[in-house]
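Take a look at the letters that make up each chain.
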Amino acid sequence: DRAQLLFCTEEARERHFAALRAFSSYVVATGGATATASTAVDDECEPPDFLCPITQQLMERPVLALDGFSYEEAALKEWLSSNSTSPMTGEPMAREPLPLNVSFRNAIAHWKAQHRVLLEDKPR
């Protein structure tokens, strides 16, 4: 249904801009300086929004799905190979082409650069 698709797209857009606002606030709060072990903002915790809802791992290639959530590309493709619903909402979800969420990928890359020391010491 076109109305539902427009709603999903608008909801996805709102989540995208909320993530950008949060990232901008983070950059302002940290002064854009490279963090060290003594100046790291979030101790050893990744921001929850940077974790794939499926794998709970820091995303490398986040894609934006029609449910408005970002997922690790490989994890969502695997999920959609055997499911036709959103992993987050349970609503039907088409196997549309999944656009790379470039802004989110850049925000994650920036966070990783800021927390490089912590990530190197963290066991996987």
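No experiment lies behind these values; they were computed from the predicted model shown.

*Asks:* It is not clear to me how the nonpolar core should be interpreted in this structure. Could you clarify?
*Replies:* What tends to happen in soluble globular proteins is that the nonpolar side chains get buried as a cluster. Residues Phe 50, Leu 58, Leu 76 and Ile 108 are the most contacted members of the largest nonpolar core, which totals 17 residues. If you list the elements that add at least two residues to this core, you get α2 (73-82) and α3 (102-114). In terms of residues, this core owes the most to one element, α3, which gives four residues. Residues in contact with Ile 108, not counting those within four places in the same chain, are Phe 50, Leu 58, Met 59 and Pro 62.

*Asks:* Where do I start with α3 in this structure?
*Replies:* Residue pairs three or four apart in sequence face the same way in an α-helix, which turns once every 3.6 residues. Over its 13 residues, α3 extends 18 Å from the first C-alpha to the last, a length consistent with the 18 Å expected when each residue adds 1.5 Å. Within α3, the full set of buried residues consists of Phe 104, Ala 107, Ile 108, Trp 111 and Gln 114. For α3, the angular spread of buried residues about the axis comes to 120 degrees, placing them on one side.

*Asks:* I would appreciate a short explanation of the environment of Ser 82 in the present structure.
*Replies:* Position of Ser 82 relative to the elements: it lies in helix α2. Its relative accessible area of 58% is what places Ser 82 among the exposed residues. A distance of 3.3 Å separates a polar atom in the side chain of Ser 82 from a polar atom in the side chain of Asn 83.

*Asks:* Would you mind showing me how to read α2 here?
*Replies:* Residues of α2 that are buried include every one of Glu 73, Ala 75, Leu 76 and Leu 80, and no others. Taken end-on, α2 shows its buried residues confined to a sector of 165 degrees, consistent with a single buried face. Seen from the buried face of α2, the exposed residues on the opposite side, beyond 90 degrees, are Ala 74, Glu 78, Ser 81 and Ser 82. Against the buried residues of α2 lie β1 (62-64) and β2 (70-72).

*Asks:* Can you help me understand the side chain of Glu 73 in this one?
*Replies:* Along the chain, Glu 73 falls in helix α2. A residue is classified by how much of its surface remains accessible, and Glu 73, at 17% relative accessible area, is buried. Separated by 2.7 Å, the side chains of Glu 73 and Arg 61 make a polar contact. Those residues in contact with Glu 73, other than ones at most four positions away along the chain, are Arg 61 and Val 63.

*Asks:* Which parts of the structure should I look at to understand the pattern of salt bridges?
*Replies:* As a working rule, side chains carrying opposite charge can pair if their charged atoms are close by. If you walk through the whole model with that rule in mind, you get three salt bridges. For the salt bridge of Glu 60 with Lys 112, the shortest nitrogen-to-oxygen distance reads 2.8 Å. Here Glu 60 is found in the loop between α1 (2-30) and β1, whereas its partner Lys 112 is found in helix α3, with 52 residues between them in sequence. The partly exposed category is assigned to Lys 112, whose relative accessible area is 25%. Between Glu 73 and Lys 77 there is a salt bridge whose closest N-O contact spans 3.5 Å. With Glu 73 and Lys 77 both in helix α2 and four residues apart, the pair spans about one turn of that helix.

What counts as what
- Residues numbered from 1 in each chain as written.
- Predicted model: local features only at pLDDT ≥ 70, side-chain atom pairs only at ≥ 80, totals over all residues.
- Heavy atoms only, no water.
- Core = buried A, V, L, I, M, F, W, Y, C linked by side-chain atoms within 4.5 Å.
- Buried < 20%, exposed > 50% of the residue type's maximum accessible area, 1.4 Å probe, protein only.
- Helix = DSSP H or I, 4+ residues; strand = E, 2+ residues; numbered from the N terminus.
- Contact = heavy atoms within 4.5 Å.
- Expected span 1.5 Å × (residues − 1).
- Arc of directions from axis to C-beta.
- Polar contact = N/O pair within 3.5 Å; in protein donor to acceptor, adjacent residues only side chain to side chain.
- Salt bridge = Lys/Arg side-chain N within 4 Å of Asp/Glu carboxyl O.

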